[in-house]
Amino acid sequence: MIDPVSALAIATSAYNAIKKGIEMGRELEDMGSQLGSWFGAVSDVRNAEEEAKDPPLFKKLIAKGSVEQEAMRALFARKKIEQQEKDLRELIVWRWGTEEYTAMMRDRIKIKDTRERTIQNQRRKMRNLIMNTITIAAIAALTGLLIMFLIGIIQNVG
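Residues numbered from 1 in each chain as written. Predicted model: local features only at pLDDT ≥ 70, side-chain atom pairs only at ≥ 80, totals over all residues. Heavy atoms only, no water.

### Looking at the overall build of the chain
- A count of helices and strands for the chain gives five helices and zero strands.
- Starting at the N terminus, the α and β elements of the chain follow one another as α-α-α-α-α.
- Sorting the 158 residues of the chain into buried and exposed places 19% on the buried side.
- Sequence separation of at least 24 residues holds for 67% of the intrachain contacts in the chain that already meet a minimum separation of 6.
- When the accessible surface of the chain is summed, it comes to about 11,900 Å², and 62% of that surface belongs to carbon and sulfur atoms. (Helix = DSSP H or I, 4+ residues; strand = E, 2+ residues; numbered from the N terminus. Buried < 20%, exposed > 50% of the residue type's maximum accessible area, 1.4 Å probe, protein only. Contact = heavy atoms within 4.5 Å. Areas by Shrake-Rupley, 256 points an atom, 1.4 Å probe, with all protein chains shown as cover.)

Okay, structure coming up:
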């Protein structure tokens, strides 16, 4: 995952490109890649903020800066993203209307949910693969020990 400072820089860059494009008379439809970059960067900023609430142990141990600094960075990033989102919402509503903006946000949620389900399914499959591999290895080891035990008994009897 990208760090929040870089993600915010990407979001701001994409936002500025969209804003400048609109000012220069470009159609919003022509700036789909910039919109996509902006939404992706916003998602990275929000994911980093969620991770900051419960960071991994190694990050807790080696984190630079104080808790207050991290909280302020998160607040500034969130506020900047909120303002950009408001401005972009106004541009989209102005161009296509409220219904289209609402439909776009609904589609965005569906796509996000689908991706999260896919990730969860991949993790579940990986856990199953690992558990199956461990089970097969344990069965093979126990079978080998049983065979060695039986060979030892046969050799002692004979």
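### Looking at the environment of Ala-11
- Looking at where Ala-11 falls in the secondary structure, it is placed in helix α1 (residues 4-23).
- Sequence spacing of Ala-11 and Gln-34 is 23 residues, and the spatial spacing of their C-alpha atoms is 9.0 Å.
- Each residue touching Ala-11, except ones within four places of it in the same chain, is listed here: Trp-38, Ala-41, Val-42, Ile-81 and Gln-84.

### Some points on a positive patch on the surface
- Judged by side-chain charge, Arg-123, Arg-124, Lys-125 and Arg-127 come together as a positively charged surface patch.
- Tracing the sequence through the fold places Arg-123 in helix α5 (residues 98-157). (Patch = residues over 30% accessible without salt bridge, like charges linked within 9 Å, V, L, I, M, F, W, Y side chains within 5 Å. Salt bridge = Lys/Arg side-chain N within 4 Å of Asp/Glu carboxyl O. Lys, Arg positive; Asp, Glu negative; His and termini not counted. Charge placed at Lys NZ, Arg CZ, Asp CG, Glu CD.)

### As for the nonpolar core
- Counting 20 residues, the largest nonpolar core has Ala-11, Ile-18, Leu-28, Trp-38, Val-45 and Ile-81 as the members making the most contacts within it.
- Elements with a contribution of two residues or more to this core: α1, α2 (32-53), α4 (67-96) and α5. (Core = buried A, V, L, I, M, F, W, Y, C linked by side-chain atoms within 4.5 Å.)

### Section: a nonpolar patch on the surface
- Taken together, the side chains of Leu-146, Phe-149, Leu-150, Ile-153, Ile-154 and Val-157 define a hydrophobic patch exposed on the protein surface, amounting to about 620 Å² of accessible area.
- Mapped onto the secondary structure, Leu-146 falls in helix α5.

### Digging into the packing of aromatic side chains
- For the structure on display, the rule yields one aromatic pair.
- Each ring, one from Trp-38 and one from Phe-39, has its centre 5.0 Å from the other, and the planes form 75°; the classification is edge-to-face. Just as Trp-38 is buried, Phe-39 falls in that class too. (Phe/Tyr/Trp six-rings, centres within 6.5 Å; stacked < 30°, edge-to-face > 60°.)

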